[in-house]
Amino acid sequence: MDQYIEFVGNHPILSLAWVALVALIVGGWIKSKFSAIRQINPQQLTLLINREDGLVVDIRAQKEFNNGRIAGAEHLSPEKAKQSDFSSLEKSKSKPIILVCTTGMTASGIATAMHKAGFESVYVLSGGMGAWQSAGLPTTTGR
């Protein structure tokens, strides 16, 4: 214990940086546990589709969507998604909705906006289409 006290005394900035990092990690973990938006993996996505009639909403650019998407996915343009224009999905407000983007980062912000707009169950595919393809799951191409 004396070594820790000596280290903190000799390196106060480094010690503060470590405390800040631990606080950020713990805070992020707590926030994710109490968030209305859940991150799911590809296997959980397939279960939501098969068991609860989940709707996959792809928010990538049209060209990426046409080059490869999850079968049955609906397209929502990134522009509409960023403007919180979810009018095309109004009929599905009570269904589980799974947002898919390229890496899973963009979808998180859109999922929060959807939840605020009254969508009951919103999920984000963790890792996006990259995770789906890495899992070796099928994609569909074309329009």
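Residues numbered from 1 in each chain as written. Predicted model: local features only at pLDDT ≥ 70, side-chain atom pairs only at ≥ 80, totals over all residues. Heavy atoms only, no water.

Attention now goes to the overall build of the protein. Along the protein, the regular secondary structure elements total 7 helices and 5 strands. Going residue by residue from the N terminus, the α and β elements of the protein occur as α-α-β-α-β-α-β-α-β-α-β-α. Relative to the compact-globule value of 15 Å for 143 residues, the protein shows a C-alpha radius of gyration of 20 Å, a clear excess of over 25%. For the protein, with 143 residues in total, the buried portion stands at 32%. The long-range share in the protein, meaning contacts at least 24 apart out of those at least 6 apart in sequence, stands at 66%. (Helix = DSSP H or I, 4+ residues; strand = E, 2+ residues; numbered from the N terminus. Rg over C-alpha atoms; globule rule 2.2 N^0.38 Å. Buried < 20%, exposed > 50% of the residue type's maximum accessible area, 1.4 Å probe, protein only. Contact = heavy atoms within 4.5 Å.)

With that settled, the discussion passes to the confidence of the model for the protein. Of all residues in the protein, 99% attain a pLDDT of 70 or more, and the chain-wide mean is 89. Across the protein, the element-wise mean pLDDT spans from 87 in helix H2 (residues 12-34) up to 95 in strand S2 (residues 55-58). (pLDDT = per-residue confidence, 0-100.)

Under the criterion given, the structure shown has 3 salt bridges. Put simply, Asp 53 and Lys 95 hold a salt bridge, and the shortest N to O gap is 3.4 Å. Of the two residues, Asp 53 sits in the loop between helix H3 (42-52) and S2 while Lys 95 sits in the loop between helix H5 (78-82) and strand S4 (96-100), which places them 42 residues apart along the sequence. On the accessibility criterion, Lys 95 (29% relative accessible area) is partly exposed. One salt bridge connects Arg 60 with Asp 58, and the closest N-O pair in it is separated by 2.8 Å. (Salt bridge = Lys/Arg side-chain N within 4 Å of Asp/Glu carboxyl O.)

This part is about H3. Because an α-helix completes one turn every 3.6 residues, residues spaced three or four positions apart along the sequence face the same direction. Looking only at H3, the buried set comprises Pro 42, Leu 45 and Leu 48. Buried residues along H3 cover an arc of 115° about the axis, so they all sit on one side. For H3, exposure combined with an orientation more than 90 degrees from the buried face picks out Asn 50 and Arg 51. Each element contacted by the buried residues of H3 is listed here: strand S1 (38-40), S2, S4, strand S5 (121-125) and helix H7 (128-134). (Arc of directions from axis to C-beta.)

Pairing is parallel in the open sheet, where 5 strands are placed in the order S1-S5-S4-S2-S3. At either end of the open sheet lies a strand with only one pairing partner, and these are S1 and strand S3 (74-75). By the bridge criterion, 4 bridges tie S2 to S4 in an arrangement that is parallel. Residue pairing in the sheet places Asp 58 in a bridge with Val 100 of S4. (Pairing = 2+ DSSP bridges.)

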